[in-house]
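# Structure at a glance
Each chain, letter by letter, is given below.
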Amino acid sequence: MQTAIPYMQIRGGSSKGVYFRADDLPADPEARNQVLLRAMGRDARQIDGLGGAHPLTSKVGIVSLSDRADSDVDYLFVQVVVGENRVDTTPNCGNILAGVGSFALESGMVIPSGETTTVRVHMLNSGSLCELVIQTPGGKVVYTGDTRIDGVPGTAAPIVCHYLDVAGSACGALLPTGNAKDVIDGISVTCIDNGMPVVVLRAADFGKTGRETCQELDEDLVFRQKLEAIRLQAGYRMNLGDVTKKVVPKMSLIASPLAGGHVSTRTFIPHTCHSSIGVLGAVSVATACILPGSVAEGIVVIPAGTPKNITVEHPSGEFAVELALNEQGTVIKAGLLRTARLLSRGELYI
């Protein structure tokens, strides 16, 4: 006998995920994880599930009503690790988060409140908050629009994401090592967590230009081994422990910009070069760019005024991040623009 489970599949930003109501899944985390592996597919091709055989299309969002006064819904992100028959709930995912508001509205968890509806989301992976502003004219979620984001064909309705106080979301501090710059295996690094744990490194320190294609970087086994050795050591320094089987910290090579932005990036998630860059990964990299003493000094020209608008270039385009600062120069809010689209809804079977 097969078991039917209600679901929606939503493109969130430049990722794609399967979304569930929490009460449609087992309450026990291990039982829940086994259900998700069956639903998405356990093998590298994910031939027996809904996963897309790639980290960006093997993601899950679990949503429930929140009992917090400052939130409408709780959101747990689950990364199904392709080909390894396991999941990771350590990181957040800002792309899948972009679809949470649509899921909450489409499922009736949140009632539309006007031309736009703000859905307040408590991110269970980190305990931090985000406000999603969704287009809801006539009381319905609208997906069509003129907003274009890199990594996604065509245009769609805008979703404004305001991340609130996400510093140290996974590591306990914006700079978990206490330093703007550390040295690991002779390479200068900035270990930072402003919503996503990231190790920022200069591409030139590896003999790279930062303009290489993802395929070129993925095929350089000596470089990848060196990068992974640094990542494993950084995991302990960032209070993440043994990260051998974790998808954080991400590793982001930076170089001078190519297309009029502020910095060019090549990010690993954590072993495969990302065709773009994750939402919260971009926030962490942008924050590193404005930190005095970070590895970005000499590469990034910091724009004047506040808020700070940093354009992060990546292999398939760019990502604009707006950083609001307090009087002490600390980042208190990050604003980003995403889109999402409901792809399917119904029942999946395990």
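In what follows, the accompanying structure is described. From a predicted model like this one, the values you see are computed outputs, not experimental measurements.

### A closer look at helix α6 (residues 279-289)
Here α6 lies mainly inside the structure; eleven of its eleven residues are buried. Residues of α6 that are buried: V279, L280, G281, A282, V283, S284, V285, A286, T287, A288 and C289.

### A word on the packing of aromatic side chains
Throughout the structure, instances matching the rule amount to three aromatic pairs. For the ring pair F206 and F223, a centre distance of 5.5 Å and an interplane angle of 85° mean the geometry is edge-to-face. With F206 in the loop between β11 (197-202) and α4 (214-218) and F223 in helix α5 (residues 221-237), this pair connects stretches of sequence that are 17 residues apart. Both residues of the pair, F206 and F223, count as buried. Taken together, the ring pairs connect F206, F223 and F268 into an aromatic cluster. The aromatic ring of F223 is capped on one face by K208, whose charged end is 5.2 Å from the ring centroid.

### Remarks on the environment of K246
Along the polypeptide, K246 turns up in the loop between α5 and β12 (250-255). Residue class for K246 comes out partly exposed when judged on its relative accessible area of 25%. Note: C-alpha distance between K246 and I269 (23 residues apart in sequence) is 9.9 Å. When residues no more than four places from it in sequence are discounted, the contact partners of K246 are R86, D88, T90, R231, L240 and P270. Within the structure, the side chain of K246 is placed 2.6 Å from the backbone oxygen of L240, a separation counted as a polar contact.

Thresholds, definitions, all that
Residues numbered from 1 in each chain as written. Predicted model: local features only at pLDDT ≥ 70, side-chain atom pairs only at ≥ 80, totals over all residues. Heavy atoms only, no water. Buried < 20%, exposed > 50% of the residue type's maximum accessible area, 1.4 Å probe, protein only. Helix = DSSP H or I, 4+ residues; strand = E, 2+ residues; numbered from the N terminus. Phe/Tyr/Trp six-rings, centres within 6.5 Å; stacked < 30°, edge-to-face > 60°. Lys NZ or Arg CZ within 6 Å of the ring centre and 35° of its normal. Contact = heavy atoms within 4.5 Å. Polar contact = N/O pair within 3.5 Å; in protein donor to acceptor, adjacent residues only side chain to side chain.

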